[in-house]
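Overview (structure and organization)
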Amino acid sequence: SQQGEEDPQALSIQEGENATMNCSYKTSINNLQWYRQNSGRGLVHLILIRSNEREKHSGRLRVTLDTSKKSSSLLITASRAADTASYFCATASNTGNQFYFGTGTSLTVIP
Amino acid sequence: DVKVTQSSRYLVKRTGEKVFLECVQDMDHENMFWYRQDPGLGLRLIYFSYDVKMKEKGDIPEGYSVSREKKERFSLILESASTNQTSMYLCASRRTPNTGELFFGEGSRLTVL
């Protein structure tokens, strides 16, 4: 399986703190994406970073990519209670036809 | 707004029954996917389709089949449901491989008794 892994599996922080999640994957990629899932719901796309990019920002989100280490990190700054969710990284194969998700990080932001 | 609709949010079926999970997207997307999600295992790809009548096996196709007769609809079929197929099933679509972003439905939680 080409499935990636997120670390940590669970994270609990106070509102206002920053949250950092890491993702490792196994094969060469075209791009890496991060998704969010509220409990019992579908996934929602957050941000995409291409294999030739090293860092990308979107609002309070910052994503880094290190293709030499096959890893990525997602930083959520100034967290809010509404950020409580599971976060998944997903990698697209070089052909772009297949998409593989990690096992997810469960984030709890305490008000 | 883009929309991926899964026909049933919750289903309860008996072992051996044939189960159809329907997914419809209204965005004229070429690619469609079926995943199952289980605690601790994340999302695992069952099948995907990159165009009408085209399908490719994912990581765990055993016990499943799919149908894509029309561009907007991608069906997942469990020919003979088993208890180990109790899971959350998620459908997703994407315009083309180069556009990257997947749009997900709300999921179908299937329980097989």
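So, here's what we can say about the structure. All values reported here derive from a predicted model rather than from experimental measurement.

**Considering the overall build of chain B**
Counting secondary structure elements, chain B contains zero helices and 11 strands. When the helices and strands of chain B are read in sequence order from the N terminus, they spell out β-β-β-β-β-β-β-β-β-β-β. What you see for chain B is a C-alpha radius of gyration of 13 Å, in line with the 13 Å of a compact globule of 113 residues. The principal-axis extent of the C-alpha atoms belonging to chain B is close to 40 × 25 × 25 Å. Expressed as a percentage of its 113 residues, the buried residues of chain B come to 48%. Long-range pairs, those at least 24 residues apart, make up 55% of the contacts in chain B with a sequence separation of at least 6.

**Observations regarding the state of the cysteines**
All names here are of chain A. Counting across every chain of the model gives two disulfides over all chains. The residue that forms a disulfide with C23 is C89, at a sulfur-sulfur distance of 2.0 Å. The chirality of the disulfide connecting C23 with C89 is right-handed, given an S-S dihedral of about 65°. Of this pair, C23 sits in strand β3 (residues 19–24) while C89 sits in strand β9 (residues 85–92); the two residues are 66 residues apart in sequence, bridging distant segments of the chain.

**Quick look at the sheet that holds strand β1 (residues 4–6) of chain B**
Residues and elements named next belong to chain B. Strand order in the open sheet formed by four strands is β1-β3-β8-β7, with antiparallel pairing between adjacent strands. Here the strands that pair on one side only, and so sit at the sheet edges, are β1 and β7 (65–70). Along the sheet, successive strands turn relative to each other by an average axial angle of 20°, direction set aside. Relative to strand β8 (residues 73–78), strand β3 (residues 19–25) runs antiparallel, the two being bridged by six bridges.

**Digging into the interface of chain B and chain A**
Every contact between the two is made by 24 residues of chain B and, on the other side, 22 residues of chain A. Counting every contact that joins chain B to chain A gives one salt bridge. Here B:E106 makes a salt bridge to A:R41, at a shortest N to O gap of 2.3 Å. Viewed at the interface, chain A and chain B are joined by four residue pairs in polar contact (both at pLDDT 80 or more). The set of elements that each furnish at least two residues to the side of chain B that touches chain A consists of β4 (31–38), β5 (42–49) and β9 (87–94) of chain B. The leading source of residues in the side of chain B that touches chain A is β5(B), at five residues. In terms of residue class, the side of chain B that touches chain A is made up of 11 nonpolar, six polar and seven charged.

**Here we look at the sheet that holds strand β6 (residues 55–58) of chain A**
All names here are of chain A. Strands sit in the order β1-β3-β8-β7-β6 across an open sheet of five strands; the sheet is antiparallel. Each edge of the open sheet is held by one strand with a lone partner, namely β1 (5–7) and β6. Going across the sheet, the axis of each strand differs from the next one's by a mean of 20°, ignoring polarity. The sheet contact formed by β1 and β3 spans three bridges and is antiparallel. From the neighbouring strand, E6 faces β3, where its bridge partner is C23.

**Section: the environment of B:W34**
Residues and elements named next belong to chain B. As for its placement among the helices and strands, W34 is situated in strand β4. Given the relative accessible area of 0%, W34 is considered buried. Taking C-alpha positions, W34 is 6.2 Å from F48, a pair spaced 14 residues apart along the chain. A polar contact of 3.3 Å, which involves the side chain of W34, links it to the backbone oxygen of F74.

Conventions used here
- Residues numbered from 1 in each chain as written.
- Chains lettered and ligands numbered in written order.
- Predicted model: local features only at pLDDT ≥ 70, side-chain atom pairs only at ≥ 80, totals over all residues.
- Heavy atoms only, no water.
- Helix = DSSP H or I, 4+ residues; strand = E, 2+ residues; numbered from the N terminus.
- Rg over C-alpha atoms; globule rule 2.2 N^0.38 Å.
- Buried < 20%, exposed > 50% of the residue type's maximum accessible area, 1.4 Å probe, protein only.
- Contact = heavy atoms within 4.5 Å.
- Disulfide = S-S within 2.5 Å.
- Pairing = 2+ DSSP bridges.
- Axes fitted to C-alpha atoms, helices over the stretch in contact; angles between N-to-C directions.
- Salt bridge = Lys/Arg side-chain N within 4 Å of Asp/Glu carboxyl O.
- Polar contact = N/O pair within 3.5 Å; in protein donor to acceptor, adjacent residues only side chain to side chain.
- Nonpolar A, V, L, I, M, F, W, Y, C, P; charged D, E, K, R; others polar.

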